[in-house]
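One letter stands for each residue in the lines below.
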Amino acid sequence: MINVTIDKKALQVPEGTTILKAARMAGIDIPTLCYFELNGMNFENKPGGCRVCMVEVKGRRNLAPACATDVTEGMEVFTSSPRVLKARKTVIELILSDHPNDCLQCEKSGDCELQALATRMGIRRIPFNGEQSTYKIDSTLSVYRDMDKCVYCRRCETMCNKFQSAGALSGVNRGFPSVVGTSFSKPLGDTSCINCGQCVQVCPVGALTLVDNIQDVLNAIADPKKTVVVQTAPAVRVALGEEFGMKPGEIVTGKMAAGLRRLGFDKVFDTDWSADLTIMEEGTELLGRLTKALAGDKNVKLPMFTSCCPAWVSFYEKNFPDLLEYPSTAKSPQAMFGAVAKNFLATKMGVKREDMVVVSIMPCLAKKSELAREEFAVNGNRDVDFSLTTRELAHMLKQCNIDLTQLPEEDFDNPLGQSTGAGVIFGATGGVMEAALRTAYEVHCKKPLPRIDFEETRGLEGIKEATIDFDGFPLKIAIAYSLSNARKLMEEVRAGNPNGYHFIEVMACPGGCIGGAGQPYHHGDSDIIRKRMEATYREDAGKPIRKSHENPDIIAIYKEYYGEPCGHLSHEQLHTHYFNRQSTVEFEK
Amino acid sequence: MSSIKIKKEVADKIEAICKSFNNDASELINVLHQTQDYLGYLPTEAQEVIAKHLNISPAKVFGVVSFYSFFSMVPKGKCPVAICLGTACYVRGAEKIVDAFSQRLNINVGETDKDGIFSLNTLRCVGACGLAPVALVNGQVYGRLVADDVKRIIEENKAKFGI
């Protein structure tokens with residue numbers, strides 16, 4: 001242990017602790033800008049570049065960056081001496097001198113860490129008047145880039161490369177023109193970007209934001225010719241409350257349903273319902289592949305990977321074109337819902353396909369890109385028309401004078417509204433696996449599960465592995481979040497699957513969808529993600545039905561419409577195929 | 001699915017360069033140097049192919065190429081002109097020499113003239129501070145320059161290329 005004094009407060013900290021972390025242990029909050037950490041989730045951005053966290057160390061000539069300086073025995077640190085305050089203000093003023101001051105119109109206003117810093121430090125004028133960076137606006141269907149606002153903290157770059165191993169972003173150029181850019185400054189959509197949007201979730205300013213579709217949805221609702229139905233993803237209900245000042249982990253399912261009805265949606269449905277449907281299809285597909293493999297069929301592709309996460313789908317299409325037969329062909333719950341709504345529901349309601357608008361509320365930015373996949377449309381009419389994030393839903397409610405906290409609890413509409421606990425847990429890493437196991441076990445073993453909770457699939461470890469006893473058959477599973485972890489598993493599979501996995505779940509975002517890029521900004525507080533996870537399992541435990549195959553509305557739709565899971569009609573509507581989207585080298589003559 | 005178009009012989013040469021460094025990503029700068037020696041510059045296709053062989057992202061390669069002033073993404077002329085802007089040359093009026101070349105050749109710094117003969121660049125200290133200000137033209141050092149020397153230097157080098 002090391003003895004250190006910070007602002008005259010003496011404490012002992014383990015060797016290798018930075019001044020920043022030691023100060024936090026002492027309850028002293030040194031401001032930061034570039035520094036970003038997701039505690040316990042293997043993500044740290046520590047370029048030491050912004051110089052906002054500079055502190056004075058007794059006996060040291062110059063100021064020290066608290067985020068990148070380890071404490072030493074007997075060190076005396078001052079975090080708010082006159083010299084420190086002067087330097088910190090100057091640093092912030094210099095950053096602001098190359099930052100547009102359009103806070104009033106900025107998407108990030110209110111959530112901007114630079115704005116908060118300027119407020120906290122009492123910046124009232126910017127004495128420096130120099131050159132300003134100018135870049136072209138760039139946008140995919142999910143991510144909007146206004147690099148004039150970039151403060152070069154490089155959080156996005158670390159997220160893109162270290163956490164996701166997507167490799168779309170890199171620091172480019174030198175000196176004043178330095179910026180986080182793409183290869184050869186191409187539009188982001190033409191790169192290896194997978195639209196996970198985690199760069200947006202960690203951007204401290206308004207340089208990276210989402211593509212806002214609120215007006216599109218308001219227009220659809222206002223159009224009397226349109227029947228507008230909405231579906232809400234599992235992870236939204238455990239995070240939406242945060243935008244209305246509620247504590248992280250508060251469950252707002254009923255209030256959210258009420259709010260969506262107040263907004264004017266004709267039908268308020270639940271993606272949890274189509275998550276149950278996904279389990280029926282994916283679980284059946286898994287059992288089918290296993291049965292064939294056990295019968296000696298060498299062509300069966302195992303392990304099967306889940307395919308709910310559109311960033312993950314994009315990732316394997318761009319990086320592992322040789323393994324496209326491994327992921328499940330089941331569409332994601334968002335896409336399945338759209339297909340059911342525009343085929344089954346529209347007919348049932350007597351509405352023409354073109355007159356139905358399907359809106360999804362997602363914790364995700366990648367869903368905005370997923371819905372535009374050509375194969376998820378019929379004659380150009382998309383199965384899902386618009387996808388809003390949790391944050392956009394909160395903005396929309398506020399715009400329409402709806403205070404979530406004041407709403408009563410209401411139920412979803414039927415028949416696409418009733419879900420089980422298995423659908424609920426899709427929102428957390430390991431949840432799809434657990435939901436699939438609950439159903440696959442009972443279908444395969446033809447007897448009730450001895451215990452419904454699979455503890456081995458839960459928790460925030462980056463890669464989890466387990467062997468599940470399927471009535472004598474050892475089912476080997478793995479669960480990963482972050483695509484750098486998924487890459488490791490894919491490379492194992494490419495090398496011949498030495499661990500003999502049968503089924504692997506992958507989610508791109510920290511902790512699964514609960515840490516999605518469309519969720520309220522967590523600003524690096526990973527406890528928020530933990531609270532959302534606890535809430536997810538609480539919601540599951542409180543559900544009267546907790547297995548997808550016991551959902552009466554799921555049983556009913558197979559009886560009435562689809563026949564059987566993985567049958568002809570479900571293959572047509574609920575399954576998909578994947579494309580090689582890797583860049584290739586062609587030779588010129 | 002995007003595709004990178006490149007001449008086969010160029011792709012083969014780049015592959016051989018990467019292989020000579022065991023496709024080791026930490027040798028990126030050396031790979032870039034040799035590729036630039038071979039091609040005269042580093043076009044985007046070359047960077048993409050290098051990225052594939054070293055198993056790193058093209059963004060990372062571009063990040064390095066755009067960081068170091070020695071690397072160029074525009075083809076250099078047959079007769080590269082580089083003016084030293086190191087401290088000694090700078091205080092002895094190197095900027096005026098840059099302006100003179102820029103005006104006479106009708107190109108900006110970092111560009112190549114339309115005939116592909118002259119390209120204009122700046123660099124930091126060639127270790128000939130005693131001769132400041134210094135220009136490196138087609139590998140030859142010209143020292144103690146004044147703006148009026150520029151016309152003569154250009155003509156001299158044009159003659160070398162038979163123009």
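We now turn to the structure provided with this report. For every chain, the first residue of the written sequence is number 1, and numbering continues from 1 onward in sequence order. Both sets of labels track the order of writing: A upward for chains, 1 upward for ligands. With pLDDT at 70 or above as the cut-off, local features in this predicted model cover only qualifying residues; side-chain atom pairs require 80 or more to be listed or tallied, and sums for whole chains, interfaces and linings still use all residues. Here the side-chain values reflect all heavy atoms present in the structure, with hydrogen atoms and water set aside.

Observations concerning the overall build of chain B
Piece 1. To qualify as a helix, a DSSP run of H or I must reach at least 4 residues; to qualify as a strand, a run of E must reach at least 2; elements of each kind are numbered from the N terminus. Within chain B one finds seven helices and five strands.
Piece 2. Shown N-terminal to C-terminal, the secondary structure of chain B runs as helices and strands in the order β-α-α-α-α-β-α-α-β-β-β-α.
Piece 3. Relative accessibility thresholds used throughout: buried, under 20% of the residue-type maximum; exposed, over 50%; partly exposed, between the two (1.4 Å probe, protein chains only). The proportion of buried residues among the 163 residues of chain B is 41%.
Piece 4. Partitioning the intrachain contacts of chain B with sequence separation of at least 6 by distance along the chain shows that 58% fall at a separation of at least 24.
Piece 5. Carbon and sulfur atoms form 49% of the exposed surface of chain B, whose accessible area is close to 8,700 Å².
Piece 6. With 19 positive and 17 negative side-chain charges, chain B shows a spacing of 2 Å between the two charge centroids. Any two residues having at least one pair of non-hydrogen atoms within 4.5 Å are treated as being in contact. Under the convention used here, a 1.4 Å probe and the Shrake-Rupley method define accessible areas, while residue burial counts only the protein chains that appear. Under the convention used here, Asp and Glu are negative, Lys and Arg are positive, and both His and the chain ends fall outside the count. All charge positions are set by atom: Lys at NZ, Arg at CZ, Asp at CG, Glu at CD.

With respect to empty space enclosed by the protein
All names here are of chain A.
Piece 1. Every definition here rests on a 1 Å grid over the protein atoms only: cavities are sets of points where a 1.4 Å probe fits but cannot get out, pockets are open sets enclosed by protein on both sides within 12 Å along at least five of seven lines, and lining residues have some atom within 4 Å of a point. Grid points are joined across faces, edges and corners, and a volume is the space filled by probe spheres set on the points. For the structure shown, the criterion picks out three cavities of 30 Å³ or more.
Piece 2. Computed from the structure, the largest cavity encloses a volume of approximately 290 Å³.
Piece 3. Along its surface, the largest cavity is lined by 25 residues, and C308, P363, K367, M507 and C513 are the ones closest to its centre.
Piece 4. Each residue gets one label: Ala, Val, Leu, Ile, Met, Phe, Trp, Tyr, Cys and Pro are nonpolar, Asp, Glu, Lys and Arg are charged, and the others, such as Gly, are polar. Considering only residue class, the lining of the largest cavity consists of 19 nonpolar, five polar and one charged.
Piece 5. The volume enclosed by the second largest cavity comes to roughly 120 Å³.
Piece 6. Forming the walls of the second largest cavity are 18 residues, and the residues nearest its centre are C160, L169, C193, C196 and C199.
Piece 7. Those elements that place two or more of their residues in the lining of the second largest cavity are β9 (143-145), α4 (155-163) and α5 (198-202).
Piece 8. Looking at which element gives the most residues to the lining of the second largest cavity, the answer is α4, with three residues.
Piece 9. For the lining of the second largest cavity, the class distribution of residues is 13 nonpolar, four polar and one charged.

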